[in-house]
Each structure stands twice: as C-alpha cells, then as structure tokens.
Amino acid sequence: MKEITGTTRIFPVIGWPVEQVKAPTLFNAYFKRHGLDARVIPFKIEPERYCEAVRMFMKTENVGGIFVSIPHKPMTLDAVEQATLRARVAGACNAVYRDAEGVVWGDLIDGEGFIRALARTAADRPLVWNKTRALVVGTGGVGCAIVASLAAQGVAEISVFDTNRAGAEALLARVEAAYPATRVRFAQPDASGVDLLVNCTPLGMHQGDPMPFALEGVSAEAIVADCGMKIEMSQLLVQAQAKGCRIQKGKEMLIEQAPLYLELFGWPGVAADDFRHLEAL
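Analysis parameters
Residues numbered from 1 in each chain as written. Predicted model: local features only at pLDDT ≥ 70, side-chain atom pairs only at ≥ 80, totals over all residues. Heavy atoms only, no water. Helix = DSSP H or I, 4+ residues; strand = E, 2+ residues; numbered from the N terminus. Expected span 1.5 Å × (residues − 1). Buried < 20%, exposed > 50% of the residue type's maximum accessible area, 1.4 Å probe, protein only. Arc of directions from axis to C-beta. Contact = heavy atoms within 4.5 Å. Salt bridge = Lys/Arg side-chain N within 4 Å of Asp/Glu carboxyl O. Pairing = 2+ DSSP bridges. Axes fitted to C-alpha atoms, helices over the stretch in contact; angles between N-to-C directions.

Participant: Just checking my understanding: could you explain helix α7 (residues 165-178) for this structure?
Facilitator: One turn of the α-helix equals 3.6 residues, which is why residues spaced by three or four share an orientation. Taking 1.5 Å of rise per residue, the 14 residues of α7 would be expected to cover 20 Å, and the 20 Å separating its terminal C-alpha atoms lies within 8% of that figure. Where α7 is concerned, the buried positions are Ala-168, Leu-171, Leu-172 and Val-175. Down the axis of α7, the buried side of the element spans an arc of 100 degrees, and every buried residue falls inside it. Opposite the buried face of α7, by more than 90 degrees, sit the exposed residues Ala-166 and Ala-177. Tucked inside the fold, the buried residues of α7 contact α4 (85-90), α6 (141-153), β8 (157-161) and β9 (183-186).

Participant: How should I be thinking about the pattern of salt bridges in this particular structure?
Facilitator: When the charged atoms of two side chains with opposite charge come close together, those side chains can pair. Using the criterion set out here, one finds 19 salt bridges in the structure. For Glu-46, the salt bridge goes to Arg-49, with nearest N and O atoms at 3.2 Å. On the basis of relative accessibility, which here comes to 27%, the residue Glu-46 falls in the partly exposed class. Through salt bridges with shared partners, a single ionic network connects Arg-120, Glu-252, Glu-256, Asp-273 and Arg-276.

Participant: Can you help me understand the sheet that holds β9 in this one?
Facilitator: Note on sheets: strands pair through backbone hydrogen bonds, and any given pair is parallel or antiparallel. Taken together, six strands build an open sheet; the order of strands is β9-β8-β7-β10-β11-β12 and the sheet is parallel. The two strands at the open ends of the sheet, each matched to only one other strand, are β9 and β12 (246-248). Recorded for the sheet is a direction-independent mean angle of 15 degrees between the axes of neighbouring strands. Pairing of strand β10 (residues 196-199) with strand β11 (residues 223-226) involves four bridges; the strand directions are parallel. The residue of β11 that forms the bridge with Val-198 is Ala-225. Where helix α8 (residues 235-242) meets the sheet, it contacts β10, β11 and β12, and its direction lies at approximately 165 degrees from that of β11.

Okay, here's the thing in structure tokens:
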C-alpha cells in the first residue's frame, strides 16, 4: 500500500471508543486492491468535542468525508449544514460529505444498505412492499435507520419494540409524519403474520444470550434478519433457518452499504461484490 502523503485523501472514522470499527480494515483493503491514494483512519474523539472535530475535518482540503461510529451518530445532525430526509427521520447520520457546492451534508446509509441486502436475500421471492408487515426489535442507530428506510419503501406496517419505549415512540412519530402511508406502532414482539423480522439488538451474539424475540408462529415464507456481526450465524438465524425461513446475515448490510459510502465520497458506480470477496471480511 502507498505511503500517506500530501496527496492522500483522508477519511476519518470517528467513535468513542473506536477500537471496534471495521471501516479502516474494509476500505483500506479496497483502496489497496484498486491502487487508490486514499486511507481511512480511526479517531477516538469524546462526545463533548465531536461536533467541533467534524467541522474542523470538513474544512480540511484533503479530508474527503467522515465515517461516523457510536455514540456520535445522533449528534451529527447538529454538526452538519444539511441532512437527508432519511437521516432526519431516523435522527442520526453515519456519513458526512461535501456536495458539489461545498455544503456539508449528513446521511444515514445503514438502512439503504439493509434494503439492498434484502433485495438479494429475497431475489427468488421478492417482497411486495405495500403488502409487507415488518417487525423491528431495537431502535438504536441501526434500528432507526432500518425503520426509516422500510417506511421510505412503502412497507404496509412496521411494528417496533425497544426497552426504551420513549425513544422508540419518538422515532415512530417522525416516521408517521414523513411517511403517512405506512402504519407504525409500538408493540411487544410477535412473529405471527409478519413477513420480515429484524433484530437490531446485540442479543444472540453470545452463547446463553436470551433471544431478541420468539419465533413461535413465524411463517416459513418470512425473512428473518439479524444485524449483529460478531458471529455469522446468531442463535436467531439458526432457529429461523431450522423453521424454513429465509435468513439475512449481519455482514450483508455492511457489504451493501460500502458502495454507498464511496458514492458519497466521490467514487460512484462501485459494486457491492467488490467488497464481498475482500479478505477483510
């Protein structure tokens, strides 16, 4: 890989902590494979200084954009000049970039990555969005992004559950205002009659974890997705597959959103398969 020089485009990934982030390994492997003079570099910045850091980085000529990690995604809305609709509805951003006029934008692309992964998962029997009932458990950054993106697709109904009921209901109010055609409700998880079930909690990543939700009554026609990436097959996915359901692994969302980052950062037209076979995964 080339040395970092004055011509290298730098892409900070900011978190607190930042040791767990996967973006440097994944994207630097891509840059190396394609001979691009670019580098993703992690920065550990405390929340109190985060907005100041974003504004400083985005005034730096050789910074091409920012990857945003936990816990900074919600406060990014205050750090940028404009935010996309999906970011405003979800209440968070995970990408910061400049448009052609130099305006600093925030976007949230987890949900779009999930939708693209879902198109691959359901390729043999695509979901009919305006007839689809979805259940999303967990309304952290990823859960909010997925709920917002499902509503943008015109899903018929979304049931949401989180132990933080106030935060979940605030999300649902934003979704209802932006996408009135989608019915949204806070409800205890129930797999019966649901076409798409999504776990956005960390439950099930370790032996002995409680299940994020029960699969009693789930249809074999349903799709069960787990957004966790610590292990490839969570307990939820193992049980869902045993019931004949189609499943979606967490890393699929990561793979599908990688080209979205590059498009925002100035490299349009990159295929997800360019990341699917990287050794970093």
